[in-house]
Amino acid sequence: MQSELSFHNIVDGISALVAILTPDGAVEFVNQQVLDYFGKTLEELKRWASTDAVHPDDLPNVVDVFKRSLESGRPYDIELRQRGADAVYRWFHVQGLPVRAPDGRILRWCVLQTDIEERKQAEEALQESERELHQIVEMMPAHVARMTADGSLQYVNQRALDYLGLEFGEIGIHSAHPDDQYPRIMRWRRALKTGEPWEDTVRVRRADGEYRWFYQRNEPLLDRDGHVVCWYSVAFDIHDSKEMEEVLRNTRRKLSAAMQVATVAELSASIAHEINQPLASVVTNAHAAETWLTHDPPNLERARTTLERIIRDGHSAAEVVQRIRALFKQSAPVKSSLDINEIVDQVLHVLSGELRDNHIIVETELERDLPMIDADQVQIQQTLINLVHNAIEAMARVSNRPKSLLLSSRREGDDLLVQVRDDGSGIDDPALVFEPFFTTKESGMGMGLAICRSIIEAHGGRVWAAANGDGGTTFCFTLPLTSSAYSQSPS
Ligand code: ADP
């Protein structure tokens, strides 16, 4: 009696709900917490399975687990909802443990019930927010993916799977357009090495076989030490705007080609007209002079007057030519102190869209702390834009390897040397390309390099092209570092 009393005292003092059952599962004793929680008497609790103490949705499973445990004599462990005195169900973690005699016989079952309502609510809130997040990711008008730190695909949203028409395990680089696969692999490799975010414009094959343009952005998730935990990627369909851009660009190109042709035609007509006039007059006067000289006696006075007219017309033809030269002459450079590396950055910025669209990997090797140069900013920019533009066009047909462009700057004695190296189609004759009107392009004008040469020479520098050993071309130009070298007048 004494020991029973103290047992009750101890069990009532525990903040959990405790029940003691007979070996066949009948409730024998419950502590005060159980009586308080359920608001029922011990007698009522003995019939727990036929009352509303356990939530009706949980009851069949609870009864099943309980029965199997009694039969096997093994402990049970279950989570269920139990109705309190206030008619509210709360979640409990219930553990039933057999208490055995030394011979192994089960003497009693000790049942410990812990209130886990708060934990359950927190779990549910977490699940709810996860569900919501998942829904957002699935509803987003974009393809979303997650990759491991080494780039293996872990997850893609349903929208991406529907677009590709593939199962998760079938996704791979082959979904990208064959021309885009190699540059894409190279970009991925580089990102895996550097752990830096990267972006791509890539054609992706839809379930029906059509390729559409996507813009994709990949961001690494870093841990506290800066190590990549995983990669997240979002890709948007930009096909329609990309096509529109292409149509616009084509129209602009055609327009400018048409305008160039029109200008050249117009110009040649007016040059021909202006020069033909004095030339016709020269021929007529020459005939006249011949006639005066063949007279007997020769009329020297008239012949001299006619020859003077020939000289006058010759001068006026020369003037026409001079006027035309003046028309084409570059305006004199407006000098200011410039940082060539800044100009390189500006040019790459201006052409960034075109470089990205053409999948060109740009590298720079710019010597630090170069002296400033005295030059015309717009003209030097124009020269570099021209060279980079030509390089992009020279690499247009490359598809089986990365297209790489290297821009470098360094000091060479008293000069600054700038180089634009591509691995494009290459050139046959490095001198010929600088000739005015030399072009191999359908819509080319052949004036770009001629203008570059006149700009650089007007700055007292030199420009040339050299074939790279392994294909491609390097265009180089120098600019004098000292202003005294800048003596040559622009022509
Ligand atoms: P356009 O670009 O209008 O043809 P340019 O004077 O800029 O005029 O170029 C003349 C020609 O030089 C081009 O048509 C091309 O054949 C050749 N060329 C220029 N840059 C390169 C290059 N980076 N690689 C190969 N060929 C080039």
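Residues numbered from 1 in each chain as written. Predicted model: local features only at pLDDT ≥ 70, side-chain atom pairs only at ≥ 80, totals over all residues. Heavy atoms only, no water.

**As for the overall build of the chain**
(1) Moving on: Of the regular secondary structure elements, the chain holds 13 helices and 17 strands.
(2) Moving on: At 44 Å, the chain has a C-alpha radius of gyration far larger than the 23 Å of a compact globule built from 491 residues.
(3) Moving on: Dimensions of the chain, computed from C-alpha atoms along their principal axes, come out at roughly 170 × 50 × 40 Å.
(4) Moving on: Counting across all 491 residues of the chain, residues that qualify as buried make up 35%.
(5) Moving on: When contacts within the chain are restricted to residue pairs at least 6 apart in sequence, those whose partners lie at least 24 apart make up 55%.
(6) Moving on: Carbon and sulfur atoms provide 54% of the accessible area of the chain, an area that totals close to 29,300 Å².
(7) Moving on: Where the 52 positive side-chain charges of the chain centre and where its 75 negative ones centre are 2 Å apart. (Helix = DSSP H or I, 4+ residues; strand = E, 2+ residues; numbered from the N terminus. Rg over C-alpha atoms; globule rule 2.2 N^0.38 Å. Buried < 20%, exposed > 50% of the residue type's maximum accessible area, 1.4 Å probe, protein only. Contact = heavy atoms within 4.5 Å. Areas by Shrake-Rupley, 256 points an atom, 1.4 Å probe, with all protein chains shown as cover. Lys, Arg positive; Asp, Glu negative; His and termini not counted. Charge placed at Lys NZ, Arg CZ, Asp CG, Glu CD.)

**Considerations on the pattern of salt bridges**
(1) Moving on: Applying the stated criterion across every chain yields a total of 29 salt bridges.
(2) Moving on: Residue Arg90 is joined to Asp115 by a salt bridge in which the shortest nitrogen-to-oxygen separation is 2.8 Å. Here the residue Arg90 occupies a position in strand β4 (residues 89-100), and Asp115 occupies one in strand β5 (residues 106-115), the gap between them amounting to 25 residues.
(3) Moving on: One salt-bridge network, in which partners are shared between bridges, spans Arg206, Asp208, Glu210, Arg212, Asp237 and Asp240. (Salt bridge = Lys/Arg side-chain N within 4 Å of Asp/Glu carboxyl O.)

**Observations regarding the site of the ligand**
(1) Moving on: In the vicinity of the ligand, 20 residues are found, and the nearest of them are Asp422, Thr439, Thr440, Lys441 and Leu449.
(2) Moving on: At 2.9 Å, a side-chain N or O of Asn390 approaches an oxygen atom of the ligand.
(3) Moving on: Backbone polar atom of Leu449 to an oxygen atom of the ligand: 2.8 Å apart, as the coordinates give it.
(4) Moving on: Burial of the ligand by the surrounding chains reaches 92%, relative to a free accessible area of 530 Å².
(5) Moving on: Elements with a minimum of two residues in the shell around the ligand: α12 (377-394), α13 (448-458) and β17 (473-480). (Near = heavy atom within 4 Å. Polar contact = N/O pair within 3.5 Å; in protein donor to acceptor, adjacent residues only side chain to side chain.)

**Remarks on the nonpolar core**
(1) Moving on: Ranked by size, the top nonpolar core spans 36 residues in total, and within it Leu384, Val388 and Leu405 carry the most contacts.
(2) Moving on: For this core, the elements supplying multiple residues, two or more each, are α10 (340-350), β13 (373-375), α12, β14 (403-412), β15 (415-422), α13, β16 (463-467) and β17.
(3) Moving on: If you tally residues by element for this core, the top one is α12, at six residues.
(4) Moving on: If we skip the residues at most four places from it in the chain, Val388 touches Val347, Leu351, Leu355, Leu405, Leu407 and Val420.
(5) Moving on: Counting 24 residues, the second-largest nonpolar core is a separate cluster that includes Val34, Tyr37, Leu59 and Val111. (Core = buried A, V, L, I, M, F, W, Y, C linked by side-chain atoms within 4.5 Å.)

**What to know about the sheet that holds strand β9 (residues 211-222)**
(1) Moving on: Across the sheet, which stays open at both edges, the five strands sit in the order β7-β6-β10-β9-β8 with antiparallel pairing between neighbours. The sheet terminates laterally at β7 (153-156) and β8 (198-205), the two strands that pair on one side only. Across the sheet, the mean angle separating the axes of adjacent strands is 25° when strand polarity is ignored.
(2) Moving on: Pairing geometry for β8 and β9, over eight bridges, is antiparallel. From the neighbouring strand, Asp200 faces β9, where its bridge partner is Gln216. (Pairing = 2+ DSSP bridges. Axes fitted to C-alpha atoms, helices over the stretch in contact; angles between N-to-C directions.)

**Digging into the domain arrangement of the chain**
(1) Moving on: Once the domains are mapped, the chain shows domain 1 (2-116), domain 2 (140-237), domain 3 (242-328) and domain 4 (336-487).
(2) Moving on: One C-alpha centre belongs to domain 1, the other to domain 4, and the line joining them spans 85 Å. (Domains from an automatic or database assignment.)

**Observations regarding the environment of Arg105**
(1) Moving on: Here Arg105 shows up in the loop between β4 and β5.
(2) Moving on: Taking the C-alpha atoms as reference points, Arg105 and Pro23, 82 residues apart in sequence, are found 9.0 Å from one another.
(3) Moving on: When residues no more than four places from it in sequence are discounted, the contact partners of Arg105 are Val99 and Arg100.

**Comments concerning the sheet that holds β14**
(1) Moving on: Taken in spatial order, the five strands line up as β12-β14-β15-β17-β16 in an open sheet, and their pairing is mixed. Taken across any chain shown, the strands that pair with only one partner, and hence form the sheet edges, are β12 (360-366) and β16. Each neighbouring strand pair of the sheet contributes to a mean axis angle of 15°, computed without reference to strand direction.
(2) Moving on: Examined bridge by bridge, β15 and β17 share seven bridges and lie antiparallel to one another. Note that in β17 the partner of Asp415 across the bridge is Pro480.

**A short note on helix α7 (residues 178-194)**
(1) Moving on: The end-to-end C-alpha distance of α7 is 25 Å, a good match for the 24 Å that 17 residues give at a rise of 1.5 Å each.
(2) Moving on: Residues Asp180, Pro183, Arg184, Arg187, Trp188 and Ala191 constitute the buried set of α7. Along the axis of α7, the buried residues cluster in a sector spanning 145°; they form a single face. Among the exposed residues of α7, those pointing more than 90 degrees away from its buried face are Arg189 and Lys193.
(3) Moving on: Residues of α7 that are buried in the fold lie against β6 (143-148), β8, β9, β10 (228-237) and β12.
(4) Moving on: Just past α7, the residue Gly195 takes up positive phi, approximately 70°. (Expected span 1.5 Å × (residues − 1). Arc of directions from axis to C-beta.)

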